[in-house]
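Architecture and fold: a report
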Amino acid sequence: MSFSPVMDYGTPGAQGAGPFAEEHMGLADLMLVLRRRRLVFWSVFALGVILVMLVAGALRATYSAEAVVRVQGRDPVEEVSPLTASESLAEELKIETVIEELSSRTVARALASEAIDDPDLTVPEMPGLIGVVRQVLQPVLGGAEAAPPRPEDEARAAELNRLTVQVLGATSVDRLSGSRLIGVEAQGETPLQAAVLANALVQTYLNLERTAIERAQSERMARLEQQAQTLQAELYEAELATAAYMRDNDLVSPQQGGTVEARMAALERALGTARAEGASRELDRLREQEAALAERLSTLTLTYGTGYPEVVALTDQIARLRGRIAEESASVERDLLDSRAAVDASAAALSEELSSVRSRHFAALEANAGLRELERAAARKLDAYNAVEDRLSRTRALSERVPDSISYVTEASVPAATEHSETAKVLAVGSLGAFALAVLAALTAETLDGRIRSAAEVRGLLDAPTLSLLPRMKDRSLTPDTIGDYLRSHRDSHYALAVRDLFLELSTAQRTRELRTVVVTTLLPGQGAGTLAAALATTAELLGYRTVVLSMDSKGELSFSEGWRARGAAGPSGHPAEAEADAAAPARSENSALSHRMPHDLARMSEDWDLIVVEAPPVFVSRDAKALAPFADEVVLGIPWGRMKPRALRTARHLFGRVPLSAVITDVNVRQHARGRYGDAMEFVA
């Protein structure tokens with residue numbers, strides 16, 4: 001019977017630690033973890049089931065009643081038209097707001113306050129699953145002790161808080177099928193209590209809403225009335241300031257200002273007429289006629305040439321017309337000289353009068369500018385006052401007809417019988433929850449416990465094959481001195497067969513040369529390096545090999561191990577004469593592991609012994625095992641099962657560098673290892 005694992009574990013580092021080394025965890029891996037951590041799994045599952053049973057046993061039959069309300073929206077007549085995107089969003093926000101407010105602690109606290117003062121309104125003491133859990137855990141949480149007496153205000157506040165929590169636990173608010181309908185459900189210990197509680201919650205919400213609206217409207221009306229009074233006083237002051245300014249500046253009325261402007265326009269027209277009287281109308285007519293004939297002559301000349309009869313006639317006519325224009329111009333010049341003085345005098349008089357009127361008008365305009373500013377300020381005050389009065393009137397009108405945000409569709413009725421018992425549901429859901437929690441606990445334990453137990457883990461961390469798994473000895477008192485006797489008397493034991501497999505694996509691994517020297521070490525002291533070395537040597541001896549065990553102390557000196565000194569002294573043939581010839585072997589020096597005589601000493605001993613097993617100090621204590629590696633055929637590292645963390649193996653690999661290693665997992669708990677299914681032969685023979 002053998003426990004040796006399969007030697008080919010793939011490329012270095014390909015194998016990880018357990019099922020979590022893979023990228024995804026399959027069902028088989030999960031079952032494997034549950035099998036390994038069955039104690040954690042069943043403990044957590046049992047505790048969860050016990051707690052669920054306690055909760056289910058404490059549950060009482062509950063009654064449920066539901067009131068249905070409708071959130072008010074647009075007028076029902078207008079609802080045939082589709083809502084716009086913004087209107088739809090506003091409706092959804094309004095509905096969600098109502099649901100949140102109905103479920104809020106504010107409404108629950110108001111209802112609890114009513115329950116304190118109204119004996120007909122009661123709240124169930126421990127409604128639903130939450131209350132039962134609290135009741136079960138109350139002794140653990142220390143709530144069973146009687147509370148000390150409190151003042152009246154503090155007692156009422158504590159009672160109010162307690163009832164508020166109970167109202168929140170006994171009621172639930174949900175939207176019905178995406179509509180404007182909202183269901184308000186309440187649970188109670190009696191049918192009447194459930195119905196009264198559901199209706200009371202809706203009515204409390206309506207009362208709070210109406211109170212809030214009335215308070216907000218009262219505050220708004222008070223602010224508007226104050227603003228109206230202030231604006232009325234400011235308007236009166238503005239009108240007084242306007243009248244005083246007109247009196248102080250002797251300002252004309254708007255009608256008088258219009259007469260002045262008309263007089264200025266008439267004077268401007270008369271001045272223009274006087275300046276134009278010197279011109280001759282006949283001269284203007286002759287010049288217009290000349291221009292027309294000149295344009296006609298130009299057209300005919302371009303079309304027929306200068307010799308055309310009509311062109312010649314027009315040329316003569318224009319010449320005669322220009323003579324008349326010259327005569328008329330001379331006549332107008334003579335008349336203009338005669339009337340220049342009269343025209344200039346009339347124009348000067350009109351200009352002087354116009355300037356005087358303009359000066360008076362501009363002075364009046366400057367004075368009226370301040371008046372108009374006062375009038376505009378008064379107008380603004382009047383507009384503000386009228387706006388405030390309008391808002392005040394509309395607020396008074398709205399305060400008389402503000403609708404509620406919700407309205408009853410159906411009030412909660414008294415249920416005829418128990419609607420449901422939560423016991424079966426709690427048992428089913430609680431059992432599933434306990435199972436899930438147990439699985440999670442097992443996975444957590446597997447993740448947190450990364451101690452080395454399998455050859456795959458050793459390969460992935462140490463980059464070394466595991467040659468054998470040595471089972472745990474029932475007799476824990478065996479030592480390196482007594483292990484040989486045990487193996488000789490129990491050759492068919494699991495341990496003896498596992499050590500035999502180790503020797504065979506070491507022998508077959510040396511394909512190019514014969515196995516002569518093996519270095520055995522462990523990570524820490526007390527992990528059985530001496531026992532492993534003695535067991536390996538004894539097994540080889542039972543197979544017919546001449547073996548000896550050497551040990552290296554803290555000074556780096558090699559000597560025969562305990563139990564092998566007599567054989568070393570007698571020599572391989574058992575005669576003292578041969579021992580005298582080998583008296584110098586093995587050599588002792590200040591640091592034999594680093595001595596230049598080490599290869600010579602081991603080579604000389606190899607002539608007398610078929611197998612030399614060297615017990616080296618632990619890896620984490622001394623580097624002697626690494627120093628001995630160049631002179632040995634194999635370096636075997638003993639790793640105790642389930643006691644070393646992955647970091648320890650990584651450190652050992654770092655300390656040895658590129659030195660080839662072989663591993664042996666020692667002190668294996670055969671039954672637990674087989675149940676863990678770590679992928680080796682021990683799973684099938686345990």
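On to unusual backbone geometry. A positive phi angle, near 55°, is found at Asp463, a position not held by glycine. You can see Asp463 is positioned in the loop between α12 (455-462) and β5 (466-471). Residue class for Asp463 comes out partly exposed when judged on its relative accessible area of 37%. Its identity is not glycine, yet Asp667 carries a phi of approximately 55°, on the positive side. Mapped onto the secondary structure, Asp667 falls in strand β11 (residues 662-668). According to the relative accessible area criterion, Asp667 is buried, its value standing at 17%.

Below, the discussion takes up the nonpolar core. Membership of the largest hydrophobic core comes to 39 residues, with the highest contact counts inside it found for Val458, Leu462, Leu523, Ile639 and Leu649. For this core, the secondary structure elements donating two or more residues are α12, β7 (547-552), β9 (611-615), α19 (624-628), β10 (634-640), α20 (646-656) and β11. The greatest single-element share of this core, amounting to five residues, is contributed by α20. In contact with Leu462, not counting residues within four places along its chain, are Leu637, Ile639, Leu649, Ala652, Arg653, Leu661 and Ala663. Residues Ala115, Val123, Ile182 and Val202 belong to the second largest nonpolar core, which totals 35 residues.

Let us now look at the pattern of salt bridges. Tallied over the full model, the rule gives 16 salt bridges. Note that Glu310 is salt-bridged to Arg296, the shortest N-O span being 3.4 Å. Linking Glu310 in helix α10 (residues 309-399) with Arg296 in helix α9 (residues 281-304), this pair joins segments that are 14 residues apart in sequence. For Glu310, a relative accessible area of 34% puts it in the partly exposed group. Because the salt bridges share partners, they merge into one network encompassing Glu92, Glu96 and Arg175.

Criteria and cut-off values
Residues numbered from 1 in each chain as written. Predicted model: local features only at pLDDT ≥ 70, side-chain atom pairs only at ≥ 80, totals over all residues. Heavy atoms only, no water. Helix = DSSP H or I, 4+ residues; strand = E, 2+ residues; numbered from the N terminus. Buried < 20%, exposed > 50% of the residue type's maximum accessible area, 1.4 Å probe, protein only. Core = buried A, V, L, I, M, F, W, Y, C linked by side-chain atoms within 4.5 Å. Contact = heavy atoms within 4.5 Å. Salt bridge = Lys/Arg side-chain N within 4 Å of Asp/Glu carboxyl O.

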